[in-house]
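# Structural features, examined
Here is how the chains run, residue by residue.
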Amino acid sequence: MAFKALNLSENVLRGVQAAGYTDPTPIQLRAIPVVLGGGDLIASAQTGTGKTAAFALPVLTRLGQHGRARVLVLEPTRELAAQVETAFRDFARFTDLRTVALFGGVGYGAQRAELKRGVDVISATPGRLVDYIKGGELSLNTIEILVLDEVDRMLDMGFLPVVKDIIARCPKGRQTLFFSA
């Protein structure tokens, strides 16, 4: 089955083709229809099987056009936050959707500027995300889709109280996607 049969938007399909992907992986075949349909999802698949695309492609299709911060992807490490942000940006290259990665170990300047400019998708580590929330620079009340990626690793790293706080700050009616290796 080709990506075209999964009801992704034309602009997202162009991004998939530009990234060089032709056929969806098993996790993508199972997850994309559920995410497109607005359902909550718990999914597990080995590293390297295309989990990021399994949530990024349908999420981008659902977003349509640039608006406000509607998607939060929580990641355990800055490397994963950056990788996920890059994947979203690559798949969204033929749209006007904007992404930002928020993580520590770097200055706040560029991240702050992107937030002020307006983003649709936020890929973040818990600590840096909370910095922006507590500083009054970011609210999660417009989040429609919450992706907890590798959340088991976040919990192993001791982030349970912070993750619970972040989840509580998101609207109750959001779509929640839980992905793990």
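Described in the following lines is the structure provided in the data block. (Residues numbered from 1 in each chain as written. Predicted model: local features only at pLDDT ≥ 70, side-chain atom pairs only at ≥ 80, totals over all residues. Heavy atoms only, no water.)

### Some remarks on the environment of Tyr 21
- Mapping Tyr 21 onto the fold places it in the loop between α1 (10–18) and α2 (26–36).
- Once residues within four sequence positions are removed from consideration, Tyr 21 is found in contact with Phe 3, Val 16 and Phe 91. (Helix = DSSP H or I, 4+ residues; strand = E, 2+ residues; numbered from the N terminus. Contact = heavy atoms within 4.5 Å.)

### Description of the pattern of salt bridges
- Using the criterion set out here, one finds seven salt bridges in the structure.
- Linking Arg 70 and Asp 120 is a salt bridge whose minimum nitrogen-to-oxygen distance equals 3.0 Å. Of this pair, Arg 70 sits in the loop between α3 (51–63) and β2 (71–74) while Asp 120 sits in the loop between α5 (109–117) and β4 (121–124), and the two are 50 residues apart along the sequence. Here Arg 70 and Asp 120 have matching classes, each one buried.
- With a closest N to O distance of 3.0 Å, Arg 169 and Asp 165 form a salt bridge. Residue Arg 169 and its partner Asp 165 are located together in helix α8 (residues 160–169), separated by four residues, close to a single helical turn.
- Classification of Arg 169 by relative accessible area gives partly exposed; the value is 37%. (Salt bridge = Lys/Arg side-chain N within 4 Å of Asp/Glu carboxyl O. Buried < 20%, exposed > 50% of the residue type's maximum accessible area, 1.4 Å probe, protein only.)

### Remarks on α1
- Among the residues of α1, those classed as buried are Val 12, Leu 13, Gly 15 and Val 16. Seen along its axis, α1 keeps its buried residues to an arc of 155°; they face one direction. In α1, the exposed positions that point more than 90 degrees away from the buried face belong to Glu 10 and Gln 17.
- Contacts from the buried residues of α1 go to α3 and α4 (78–91).
- Immediately downstream of α1, the backbone of Gly 20 shows phi near 90°, a positive value. (Arc of directions from axis to C-beta.)

None of this, on its own, says anything about what the molecule does.
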